[in-house]
Amino acid sequence: MTSSCRRPEHSAPPDVFYNEAEAKKYSQNSRMIEIQTQMSERAVELLNLPEGQPCFLLDVGCGSGLSGDFLSEEGHYWVGVDISTAMLDVALDREVEGDLLVGDMGQGMPFRPGTFDGCISISALQWLCNADKRTHSPPKRLYTFFSTLYSSLSRGARAVFQLYPENSEQLELITTQAMRAGFGGGMVVDYPNSSKAKKFFLCLFAGVTGALPKVRNKGVSGYWGSVCRFKNMKGKSAKKGRDWIFEKKERRRRQGREVRADTKYTGRQRRPNF
């Protein structure tokens, strides 16, 4: 996981942190532009869109439009949503080809059902895990976002989020709310053994479960790495089942409670008594 000492979401809300000075970096810093472009390219690859066919895509947290530029280069049409007006102003100055919309992803996506063929998001999703106001509830805001996003995607479409999770609890919070909203999918971790190059991609399927893609690992030909699939489409293990019992025991251990050790008999179905 990424270090918490330099996390921007701990400094200020996104509409405050991404001010004019910060927004200019996304049009002037060549290293930042290169990284954003690489992550956008990977996100589009994970979308697994049909070859040679233009698609209508949603870019959540589009910022200055760097990821949108790659979408345009690939021949796709897109709509970008961002909460920072300063970042969107940079995108307008750069004359990006997509349509831009000011919006808070935690309040939901205001689009008609089945509008988009896919969705990408670069370095934005983790912001929803913070409560910037007293009225903010991260689980509720995440569920509102995922449920409205699910509705706005065509059935069988994918959504790919590159994110910087702070810890495993944050990952669990995000994936739980995504599954509650109806998504299937899992987490793809590129370069899992590298502290600097490691990248997390949450790959979600709307309505139809697909095969999770392979992952990249620096220095190894082809693909290799860590892939974690959700338990099921409903987002929960079967209640009282073996997986459900193990998950409950693990949660209690994290809470510091006394829990019996796991054995081969844990969660085992008992024969009915006659």
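So, here is what we can say about the structure in this document. Worth saying up front: this structure is predicted, and the values here are computed from it rather than measured.

Alignment of strand 2 (residues 77–82) against strand 3 (residues 99–102), held across four bridges, turns out to be parallel. Paired with aspartate 82 across the strands is valine 102, a residue of strand 3. In this fold, the crossover linking strand 2 to strand 3 by way of helix 5 (residues 85–93) has right-handed handedness.

Next up on the list: the environment of glutamate 22. Tracing the chain through its elements places glutamate 22 in helix 2 (residues 20–28). For the pair glutamate 22 and alanine 86, spaced 64 residues apart in sequence, the C-alpha separation works out to 8.6 Å.

This part covers unusual backbone geometry. At asparagine 48, a residue that is not glycine, the phi angle is positive and equals roughly 55°. Position of asparagine 48 relative to the elements: it lies in the loop between helix 3 (30–47) and strand 1 (56–60). Positioned with a positive phi, serine 123 is a non-glycine residue whose angle comes to about 60°. Summarising the element assignment, serine 123 is placed in the loop between strand 4 (116–122) and helix 6 (138–152). By relative accessible area, serine 123 is classed as buried at 16%.

Time to look at the packing of helix 2 against helix 5. Put simply, helix 2 and helix 5 touch, their axes get as near as 8 Å, and they point 35° apart. Helix 2 and helix 5 meet at a crossing whose hand is right-handed. Side by side, helix 2 and helix 5 meet where Glu20, Ala23, Tyr26 and Ser27 of the first sit next to Ala86, Met87 and Val90 of the second. Each residue belonging to the contact of helix 2 with helix 5 can be placed in one class, and the counts come to five nonpolar, one polar and one charged.

This brings us to the nonpolar core. Leu125, Phe145, Phe146 and Leu149 are the most contacted members of the largest nonpolar core, which has 33 residues in total. Elements supplying a minimum of two residues to this core: strand 1, strand 2, strand 4, helix 6, strand 5 (153–163), helix 7 (168–180), strand 6 (184–190) and strand 7 (199–205). Ranked by size, the runner-up nonpolar core spans 19 residues in total, among them Val44, Leu46, Trp78 and Val160.

Glancing now at a negative patch on the surface. Taken together, the side chains of Glu20, Asp89, Asp93 and Glu95 define an acidic patch exposed on the protein surface. Residue aspartate 89 is classed as partly exposed on the basis of its relative accessible area of 43%.

As a further point, take the pattern of salt bridges. One side chain can pair with another of opposite charge once the charged atoms of both are near each other. Summed over the entire model, instances satisfying the criterion amount to six salt bridges. With its nearest N and O atoms 3.3 Å apart, the salt bridge here joins arginine 42 to glutamate 45. With arginine 42 and glutamate 45 both in helix 3 and three residues apart, the pair spans about one turn of that helix. Arginine 42 sits in the buried class, given a relative accessible area of 4%. Members of the salt-bridge network, linked through shared partners, are Arg42, Glu45 and Asp190.

Reading the values: the criteria
- Just so you know, the residues in each chain are numbered from 1, in the order the chain's sequence is written.
- Reporting of local features is limited, given that this is a predicted model, to residues whose pLDDT is at least 70; pairs of side-chain atoms are given and counted only at 80 or more, and all residues count toward the totals for whole chains, interfaces and linings.
- Excluded from the side-chain calculations are hydrogens and water; all other atoms, namely the structure's heavy atoms, are used.
- Strands are treated as partners if at least two bridges between them are detected by DSSP.
- By the criteria applied, helices consist of DSSP H or I runs no shorter than four residues and strands consist of E runs no shorter than two, each listed in order from the N terminus.
- Handedness of a crossover is defined as follows: with both strands directed away from the viewer, a clockwise route from the first strand across the helix to the second makes it right-handed.
- For every residue, the accessible area (1.4 Å probe, protein chains only) is compared with the maximum for its type, and the residue is labelled buried under 20%, exposed over 50%, or partly exposed between those bounds.
- To get an axis, fit a line to the C-alpha atoms, keeping to the stretch in contact for a helix; angles then go from 0 to 180 degrees between the N-to-C directions.
- Handedness of a helix crossing follows the sense of rotation of the near helix relative to the far helix, less than a right angle counterclockwise being left-handed and clockwise being right-handed.
- Contacts: residue pairs with any heavy atoms within 4.5 Å of one another.
- Polarity classes work like this: nonpolar for Ala, Val, Leu, Ile, Met, Phe, Trp, Tyr, Cys and Pro, charged for Asp, Glu, Lys and Arg, and polar for all others, with Gly in that last group.
- By nonpolar core is meant a set of buried Ala, Val, Leu, Ile, Met, Phe, Trp, Tyr and Cys residues that side-chain atoms within 4.5 Å join together.
- Residues form patches when they are more than 30% accessible in relative terms and have no salt bridge. Like charges link within 9 Å. Nonpolar side chains (Val, Leu, Ile, Met, Phe, Trp, Tyr) link within 5 Å.
- All accessible-area figures derive from a Shrake-Rupley calculation using a 1.4 Å probe, and residue coverage is judged against the displayed protein chains alone.
- Whenever a carboxyl oxygen of Asp or Glu lies within 4 Å of a side-chain nitrogen of Lys or Arg, that contact is scored as a salt bridge.
- Only four residue types enter the charge count, namely Lys and Arg as positive and Asp and Glu as negative; His and the chain termini do not.
- Think of each charge as sitting on NZ of Lys, CZ of Arg, CG of Asp or CD of Glu.

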